[in-house]
Amino acid sequence: MADARTRILDAAERIVQEKGVPALTLEAAARGAGISKGGLLYHFASKEAMLNGLVARLAESVEQDFQAVLAAQSGPAPASRAILSWIFDDPEQVCEEHERAGAVFLAVFHHDPAMLAPIRAVFARIRDHLRADKLPPGRALALMAASDGLFFGRLFGMYEQTAEDQQAIRAALEFLVQEARA
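Cut-offs and rules
Residues numbered from 1 in each chain as written. Predicted model: local features only at pLDDT ≥ 70, side-chain atom pairs only at ≥ 80, totals over all residues. Heavy atoms only, no water. Buried < 20%, exposed > 50% of the residue type's maximum accessible area, 1.4 Å probe, protein only. Helix = DSSP H or I, 4+ residues; strand = E, 2+ residues; numbered from the N terminus. Axes fitted to C-alpha atoms, helices over the stretch in contact; angles between N-to-C directions. Parallel < 35°, antiparallel > 145°, perpendicular 65-115°, else oblique. Left-handed = near helix turned anticlockwise from the far one by under 90°. Contact = heavy atoms within 4.5 Å. Nonpolar A, V, L, I, M, F, W, Y, C, P; charged D, E, K, R; others polar. UniProt positions renumbered as here; feature names shortened; annotations may be inferred. Core = buried A, V, L, I, M, F, W, Y, C linked by side-chain atoms within 4.5 Å. 1 Å grid on protein atoms, 1.4 Å probe; cavity = no way out; pocket = protein on both sides within 12 Å on 5 of 7 lines; lining within 4 Å. Points joined across faces, edges and corners; volume = space filled by probe spheres on them. Patch = residues over 30% accessible without salt bridge, like charges linked within 9 Å, V, L, I, M, F, W, Y side chains within 5 Å. Areas by Shrake-Rupley, 256 points an atom, 1.4 Å probe, with all protein chains shown as cover. Salt bridge = Lys/Arg side-chain N within 4 Å of Asp/Glu carboxyl O. Phe/Tyr/Trp six-rings, centres within 6.5 Å; stacked < 30°, edge-to-face > 60°.

Going by what an unreviewed UniProt entry lists, the chain is known as TetR/AcrR family transcriptional regulator and is assigned to Sediminicoccus rosea.

1. Some words on unusual backbone geometry
The residue Ala77 is not glycine, and still its phi comes out positive at about 55 degrees. According to the relative accessible area criterion, Ala77 is buried, its value standing at 5%. Although it is not a glycine, Lys134 adopts a positive phi angle of roughly 60 degrees. By secondary structure assignment, the location of Lys134 is in the loop between helix 7 (117-132) and helix 8 (139-155). Using a relative accessible area of 70% as the deciding quantity, one classes Lys134 as exposed.

2. Looking at the packing of helix 4 (residues 47-71) against helix 5 (residues 78-88)
Where helix 4 meets helix 5, the axes come as close as 8 Å, and the angle between the chain directions of the two elements is 115 degrees. Judged by the angle between their axes, helix 4 and helix 5 are roughly perpendicular. Our pair here, helix 4 against helix 5, has a crossing hand that is right-handed. The residues of helix 5 that touch helix 4, namely those facing Val62, Asp65, Phe66, Val69 and Leu70, are Pro78, Ala79, Ala82, Ile83, Ser85 and Trp86. Classifying every residue of the contact of helix 4 with helix 5 gives nine nonpolar, one polar and one charged.

3. Looking at the UniProt feature "domain: HTH tetR-type" (unreviewed entry) in the chain
Within this numbering scheme, the UniProt entry marks residues 2-62 as carrying the feature "domain: HTH tetR-type" (unreviewed entry). Secondary structure within residues 2-62 divides into 77% helix and 0% strand; the distance between the first and last C-alpha atoms comes to 20 Å.

4. Digging into the nonpolar core
Core analysis: the largest hydrophobic core is formed by 55 residues, its most contacted members being Leu40, Met50 and Ile126. Among the secondary structure elements, those contributing two or more residues to this core are helix 1 (4-19), helix 2 (26-33), helix 4, helix 5, helix 6 (91-111), helix 7, helix 8 and helix 9 (163-181). Ranked by the residues each element gives to this core, the list is headed by helix 4, at ten residues.

5. A closer look at the layout of surface pockets
A volume near 570 Å³ is recorded for the largest pocket. If you go around the largest pocket, you meet 28 residues; those closest to its centre are Ala101, Phe105, Phe123, Asp148 and Phe151. Residue assignment for the lining of the largest pocket shows that the elements contributing at least two residues are helix 4, helix 5, helix 6, helix 7 and helix 8. The element that contributes the greatest number of residues to the lining of the largest pocket is helix 6, accounting for nine residues. When the residues that make up the lining of the largest pocket are grouped by side-chain class, the tally is 18 nonpolar, four polar and six charged.

6. Here's the deal with the UniProt feature "DNA-binding region" (unreviewed entry) in the chain
Per the UniProt record, "DNA-binding region" (unreviewed entry) is found at residues 25-44. Taken end to end, residues 25-44 is 75% helix and 0% strand, and its first and last C-alpha atoms sit 12 Å apart.

7. Quick look at a nonpolar patch on the surface
Residues Leu106, Phe152, Phe156, Met158 and Tyr159 make up a contiguous nonpolar surface patch of about 500 Å² in total accessible area. Relative to the assigned elements, Leu106 resides in helix 6. On the basis of relative accessibility, which here comes to 35%, the residue Leu106 falls in the partly exposed class.

8. Digging into the environment of Arg127
With respect to the helices, strands and loops of the structure, Arg127 is situated in helix 7. Arg127 sits in the partly exposed class, given a relative accessible area of 29%. The spacing of Arg127 and Val21 is 106 residues in sequence and 29 Å in space, taken between C-alpha atoms. Among all residues touching Arg127, those that are not within four sequence positions of it are Leu141 and Met144.

9. Side note on the packing of aromatic side chains
By the definition in use, this model includes three aromatic pairs. On the numbers, 5.3 Å between centres and 55 degrees between planes, the contact of Phe66 with Trp86 is tilted. Within this pair, whereas Phe66 is found in helix 4, its partner Trp86 is found in helix 5, the two being separated by 20 residues in sequence. For Phe66, a relative accessible area of 1% translates into the label buried. Between the aromatic rings of Phe105 and Phe151, the centroid separation amounts to 5.8 Å while the plane-to-plane angle is 80 degrees, which identifies the pairing as edge-to-face.

And the structure:
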């Protein structure tokens, strides 16, 4: 069984996913985690502390996921290839992670957008990796922008993509990386 801190953060994410940001209270998170409000306050003295915990956990997870995918790349433009792999190679994991990340983004942004600083720092480091790929200007950042667009499209249910759509998008994005090697 997960520790109380993890259960609290998991419960907070579920509440936002299922009921929306206004439903996220300390009491609701404690109930969802199966602990008393006092138990929750032991780990998180305030709603802001709980939200900071959500952002810190998300930032750590995104950093670890990207580093693992990056480490698996070989050849030129490893960060760009990592972005492609990250968004296309494990769609079930991506969907679950996107839902969790979306809940955190929404809750924290609703409370105080400045609290997103840790995740912004992670994405700044990812952009540094992309710049190190030395692709022609704009190409690696276009990959990241497309990745972000796919994330938000899925998160908000803006459109459904077929497997063929996904393959076509990936091929178009891979073309940017392949052309850069030539």
